[in-house]
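# Architecture at a glance
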Amino acid sequence: MSAGHPDGPDHVGWPAEVAARYRAAGHWRGQTFGSLLTSLAAAYGPRTAVVGETEDGLARWTYADLDERAHRLAAGLAGRGIGAGDRVLVQLPNRPEFVSVIFALWRLGAWPVFTLPAHRRTELRHFAERAEAKAIVTVGEHERHDHAATAREVADDVASVREVLVVGSPEFAELSRTEPREFPDPDPEGVAFLQLSGGSTGLSKLIPRTHDDYLYSVRESARICALRPESVYLAALPVAHNYPLSSPGVLGALHAGATTVLAPRPDPDVAFRLIESERVTISAVVPPLAAAWVQAAGRTERDLSSLEVLLVGGAKCARELAERIGPALGCRLQQVFGMAEGLVCYTRLDDPDDLVLGTQGRPISLDDEIRIVDPDDPNAASTDEVAPGETGALLTRGPYTIRGYYRAAAHNATAFTPDGFYRTGDLVRRHPSGHLEVVGRAKEQINRAGEKVSAEEVENHLMAHPDVLDAAVVGVPDEYLGERTCAYVVPTDGAEPSEAQLRRFVRERGVAAFKVPDLVVVVDSFPVTGVGKTSKRELRAALAAHARNR
Ligand code: OOB
């Protein structure tokens, strides 16, 4: 393994004595995801594991089916030269093969790199380069985009990428029929996959998660959300994201022997149809989607009575919205505040209403260490705690929170404290019960309906335009999205770029649509007095204030 990569180690592990403590506490149990599937198939063989659309209509796979498919596909992928430690970009929408592909890779000890269906050429190229990915697994045409063509472009540009495998193609079907064989189980304390960070300083970083640490969070999430074999989890959000994947998500549902229903789209029409037909008991949404469901529930003919729990997270759920969810949908609200880097907080199903409506929950584990520190000091130490109940910047470390990003030593030096706490960039306050209330954000990131946009990344795309001298991207409050992106642009001398041109320019650079600025304001100079051009951070703060007052 290339621990000696010039950009830093693949995996910054936990100190040995800390790891020993997590093992002794029973958090880390030495199981891999591949062996988990084997034991699930033994325990729940004939029960339905996954329901979702394929080319041949609605597929229903039992646990035994899923196990066999993952076995065969693992053998097929091995035949294509994919093996332990290889990184494989996975870009799949919500369809059953997502699950068989990731378990096949896990059985091989290969590392899925979880990209979103929204990602485009430039982002995929970045992930493939960073991870030195060997292959890309994707689909053909989906939502009017030819993913296979984009993947092939990336493969042409990135030397390490040798295979593009297209789910739904005859070639993929052939691979999925390969005679199964066994592979050595990988190290449970080793990296299982790479997740993506939301990104605040430019492009997304890669997040190495281990079998042991992730399985702990999945197991506990399933328990906290009361999943049981009779549960039916509707995956409405894109399943590659950490939230619908593991909080409790598809993996939590599998862990409990429950059924996962994969919704091709999250809008109320599709979701309500599936809730009715599959008798869905639990689902998970972001706040804007919760609002859309609440609104649609008032006029739907669908029977939603099976729904017991709706998780809401990924972005702040306003109390007013929180209060409407239970009555409108006839279910219990569970708030979730999590991050791909690790820490996940839930309100508990037996918490008093005030905490469920007014906080974002408390951590999964008693071993999740929380420090709320001086919000004005980006380098605050874990000991610089604010007074109890005061707002501050959230630092955390624990049994499933990373100690460093993949090959990013320079970034890690500021993203983590010297004693290993992750600087979340979130501003929170702690209630006496230990529940956290998210009150804001210190990081240079826009949370657009739960999708994270790095201000710097979008600025860099804008500044690549010949008519743009400088750009600053800020979030402005939006009733529906929570926040939308507003780009302030200073043109080069004499140039007059239009808003439409600049938005098209960013889109054509091959980035996810959610990163294209919602609003572009062309100005002669930044409309701010008293802010020098020395700190983009101060400039953004002043522009955000300006945008709010427009
Ligand atoms: C989830 O993961 P990411 O990695 O896309 O984003 C993490 C960030 C947090 O640092 C915070 O800024 C924001 O998203 N966030 C929330 C929130 N949940 C996440 N902000 C306010 N209230 C909430 N409830 O978004 C994620 C991962 C696992 C489970 C749930 C969400």
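Details of the structure are given in the entry above.
Structure report, in brief. (Residues numbered from 1 in each chain as written. Predicted model: local features only at pLDDT ≥ 70, side-chain atom pairs only at ≥ 80, totals over all residues. Heavy atoms only, no water.)

Along the chain, E163 falls in strand β8 (residues 163–167). Sequence separation between E163 and A135 is 28 residues; the distance between their C-alpha atoms is 4.6 Å. Not counting the four nearest positions on each side in its chain, E163 is found in contact with R80, K134, A135 and I136. Within polar-contact distance, the side chain of E163 engages the side chain of R80 at 2.9 Å. (Helix = DSSP H or I, 4+ residues; strand = E, 2+ residues; numbered from the N terminus. Contact = heavy atoms within 4.5 Å. Polar contact = N/O pair within 3.5 Å; in protein donor to acceptor, adjacent residues only side chain to side chain.)

The next point concerns the pairing of strand β11 (residues 232–235). Walk down a regular strand and you will see the side chains alternate between the two sheet faces. Residue alternation in β11 divides its side chains into two sets, V232 and L234 and Y233 and A235, and both sets are buried. Where β11 and strand β12 (residues 259–262) come together, 4 bridges link them in parallel fashion. Bridge pairing in β12 places L234 opposite V261. Examined bridge by bridge, β11 and strand β13 (residues 282–285) share 2 bridges and lie parallel to one another. When the sheet's bridge partners are listed, Y233 is paired in β13 with I282. (Buried < 20%, exposed > 50% of the residue type's maximum accessible area, 1.4 Å probe, protein only. Pairing = 2+ DSSP bridges.)

For the rest of this paragraph, the subject is the sheet that holds strand β2 (residues 57–62). Strand order in the open sheet formed by 9 strands is β2-β1-β12-β11-β13-β14-β15-β16-β17, with mixed pairing between adjacent strands. Whereas interior strands pair on both sides, the edge strands pair on one side only; in this sheet they are β2 and β17 (362–363). In terms of strand pairing, strand β1 (residues 48–54) meets β2 through 6 bridges, oriented antiparallel. Paired with V50 across the two strands is W61, which belongs to β2.

Turning next to the sheet that holds strand β24 (residues 468–478). In spatial order, the strands read β24-β25-β26; together these 3 strands make up an open sheet with mixed pairing. Bordering the open sheet on either side are β24 and β26 (519–522), each of which pairs with just one other strand. Strand after strand, the sheet turns through a mean of 25° between neighbouring axes, direction not considered. Sheet topology places β24 next to strand β25 (residues 482–491); 10 bridges connect them, and they run antiparallel. The residue of β25 that forms the bridge with V474 is C486. (Axes fitted to C-alpha atoms, helices over the stretch in contact; angles between N-to-C directions.)

This is a description of form; function is not addressed.
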